[in-house]
Amino acid sequence: MLTSAPSSSSVFVADTRNGTCADAQLLAAGTSWYYDYNVGDPYRSGDLKCNNTNPQHFVPMHWCISALHNNTPPAYVDTSFMLGFNEPNNLHNCNKDAATVARAWSQVMRDFPDSTLITPATAGDGRPWFREWFGNCTAMYGPSGCNVTVMAVHSYICDATRLHQYLEEVHHEFGLPIWLTEFACGDHHDNRPLSEQLAFMREVLPILDASHIVERYAWMAARQGDPAQDARGLLVPGKPELTELGKLYTSLRAPPPATVEAVAPPPTPAS
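Residues numbered from 1 in each chain as written. Predicted model: local features only at pLDDT ≥ 70, side-chain atom pairs only at ≥ 80, totals over all residues. Heavy atoms only, no water.

When its secondary structure is counted, the chain shows seven helices and 10 strands. Looking at the chain as a whole, 55% of its 271 residues qualify as buried. In the chain, the share of contacts with a sequence separation of at least 24, taken over all contacts with a separation of at least 6, comes to 71%. In the form shown here, the chain has an accessible surface area of approximately 11,300 Å², with 52% of it arising from carbon and sulfur atoms. (Helix = DSSP H or I, 4+ residues; strand = E, 2+ residues; numbered from the N terminus. Buried < 20%, exposed > 50% of the residue type's maximum accessible area, 1.4 Å probe, protein only. Contact = heavy atoms within 4.5 Å. Areas by Shrake-Rupley, 256 points an atom, 1.4 Å probe, with all protein chains shown as cover.)

Quick look at the structure:
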C-alpha cells in the first residue's frame, strides 16, 4: 500500500571484511534498514559478530537461484521482508531469464509464505524483463502470480529528475510501490568525482523522500571494496568514520530514519 510518509533510506554496505561494529552504529544514526547479498546479517556473521544491531533493521536477500538451496536465514533474522534476486537481467550478476526465475520463485513462496516478497532487482531499464517475468508468474501460478507486492529496481542515472521519471514509469506500468535498492551518481565504471556525488545526493534525496511511489531506497554503498570507487562510499576506508558524503546522507534524512544496504563480495553466479 502506498503512503505519503517519507521513504525509508538504507545503504548498501559493501566490503564488511574491512568493517567494524562501529560502522553499523554510524549508519544507523541516519538510516533505518540495511541489506546484504545474503540471508545472514553481515554485521552479526563472519568475522564481525556484532551484538549492537537491531534484527528488525536487516532485510535478507537471496542473491540468485542457487542461494535458495543452500542459504537458510539464521534464527535471529527477521523475515518480514524477503529480497531476491540480484540483477537477473545483467550478464555479470544473477543473469537468469524471466521464465527460469519464475519457476524458481515457487520455492520462495513455499519457504516464506508469511513474508512480504519483493521482486528481483533489475539493472538498467528493467521493464522488458519484468514484463516477461510477471507474464510467466501469471501463467504458472494463476491470478496471484508470484505473490509480490513490491518492486525492486537499481538505477545509476546521475540526474535526479530523470531517475524519478524512470521510477514513475515503472510504477505506472506495473502498479506496485518501489524499493530503489541500489543507486548513486553513475555506476562503478563511471568513477564520478565526489563533487558530483554530493550534488546529486542533495538533489535526489528530497525527491525520493517526497515520492508517493518509493517506499525504500539504498545508496550504493556504505564502504567500497574498490579504492577507485571511494567517492561513492559513506564510510572512510579503513576506519569507522563517515565521509563527507556519508555525513550528508545521514543528515539529509527526514524522520523516520533510513536504510543501510550491507554488501559482502557477490557470490559466484550459479544455476
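Picking up where we left off.
Trp-105, Trp-133, Leu-167, Phe-183, Leu-208 and Trp-219 are the most contacted members of the largest nonpolar core, which has 74 residues in total. In terms of residues, this core owes the most to one element, helix H3 (residues 98–111), which gives seven residues. (Core = buried A, V, L, I, M, F, W, Y, C linked by side-chain atoms within 4.5 Å.)

Right, let's talk about the environment of Asp-47 for a bit. Relative to the helices and strands, Asp-47 is located in the loop between strand E2 (31–35) and strand E3 (58–59). Since its relative accessible area comes to 83%, Asp-47 is described here as exposed. Asp-47 sits 28 residues away from Gly-19 along the chain, and the two C-alpha atoms are 9.6 Å apart.

Summed over the entire model, instances satisfying the criterion amount to four disulfides. The partner cysteine of Cys-64 in its disulfide is Cys-94, sulfur to sulfur 2.1 Å. On the S-S bond that ties Cys-64 to Cys-94, the torsion sits near 75°, and the link is right-handed. Here Cys-64, found in the loop between strand E4 (61–62) and helix H2 (67–70), pairs with Cys-94, found in the loop between strand E5 (81–84) and H3; they are 30 residues apart in sequence, far enough to count as distant. When sorted by exposure, Cys-64 lands in the same class as Cys-94, which is buried. Disulfide pairing is shown between Cys-158 and Cys-185; the S-S distance is 1.8 Å. Judged by the sign of its S-S torsion, about -75°, the cystine formed by Cys-158 and Cys-185 is left-handed. (Disulfide = S-S within 2.5 Å.)

Glancing now at the environment of Ser-32. One can find Ser-32 in strand E2. Separated by 184 residues in the primary sequence, Ser-32 and Arg-216 place their C-alpha atoms 9.7 Å from one another.

This next bit is on the confidence of the model for the chain. Here the chain averages 85 in pLDDT, while 85% of its residues score no lower than 70. Confidence drops under a pLDDT of 50 for residues 1–6, and excluding neighbours within four residues, the segment shows 11 contacts in the predicted structure. Confidence drops under a pLDDT of 50 for residues 262–266, and excluding neighbours within four residues, the segment shows 25 contacts in the predicted structure. (pLDDT = per-residue confidence, 0-100.)

When their charged atoms lie close together, side chains carrying opposite charge are able to pair. Throughout the structure, instances matching the rule amount to five salt bridges. The partner of Asp-125 in a salt bridge is Arg-127, with the nearest N and O atoms 2.8 Å apart. For Asp-125, a relative accessible area of 41% corresponds to the partly exposed category. On the accessibility criterion, Arg-127 (17% relative accessible area) is buried. A salt bridge links Glu-173 to Arg-131, with the shortest nitrogen-to-oxygen separation between them at 2.5 Å. Of this pair, Glu-173 sits in helix H5 (residues 160–174) while Arg-131 sits in helix H4 (residues 127–141), and the two are 42 residues apart along the sequence. Note on Glu-173: relative accessible area 34%, which makes it partly exposed. (Salt bridge = Lys/Arg side-chain N within 4 Å of Asp/Glu carboxyl O.)

Take the side chain of Thr-181 next. Within the element layout of this structure, Thr-181 appears in strand E8 (residues 178–183). Accessibility expressed as a relative area gives 3% for Thr-181, which makes it buried.

In this section: the packing of H3 against H4. Contact pair H3 / H4: the axes reach a minimum separation of 8 Å and the direction vectors enclose 55°. Considering their axes alone, H3 and H4 lie oblique with respect to each other. For the pair H3 and H4, the crossing hand works out as right-handed. Residues Ala-98, Ala-99, Val-101, Ala-102, Arg-103, Trp-105, Ser-106 and Met-109 of H3 pack against Trp-129, Glu-132, Trp-133, Asn-136, Cys-137, Met-140 and Tyr-141 of H4. (Axes fitted to C-alpha atoms, helices over the stretch in contact; angles between N-to-C directions. Parallel < 35°, antiparallel > 145°, perpendicular 65-115°, else oblique. Left-handed = near helix turned anticlockwise from the far one by under 90°.)

In a regular helix each residue adds 1.5 Å, so 17 residues correspond to 24 Å; helix H6 (residues 194–210) covers 25 Å between its end C-alpha atoms and thus fits that length. Those residues of H6 that fall on the buried side of the exposure criterion are Gln-197, Leu-198, Phe-200, Met-201, Val-204, Leu-205, Leu-208 and Asp-209. Next to the buried residues of H6 lie H5, E8, strand E9 (214–220) and helix H7 (244–251). (Expected span 1.5 Å × (residues − 1).)

On to the pairing of E9. In terms of burial, E9 is largely enclosed, as six of its seven residues are buried. Pairing geometry for E8 and E9, over four bridges, is parallel. Within E9, the residue paired with Phe-183 across the bridge is Trp-219. With H6 bridging E8 and its parallel neighbour E9, the resulting β-α-β unit is right-handed. (Pairing = 2+ DSSP bridges. Right-handed = clockwise from strand over helix to strand, strands pointing away.)

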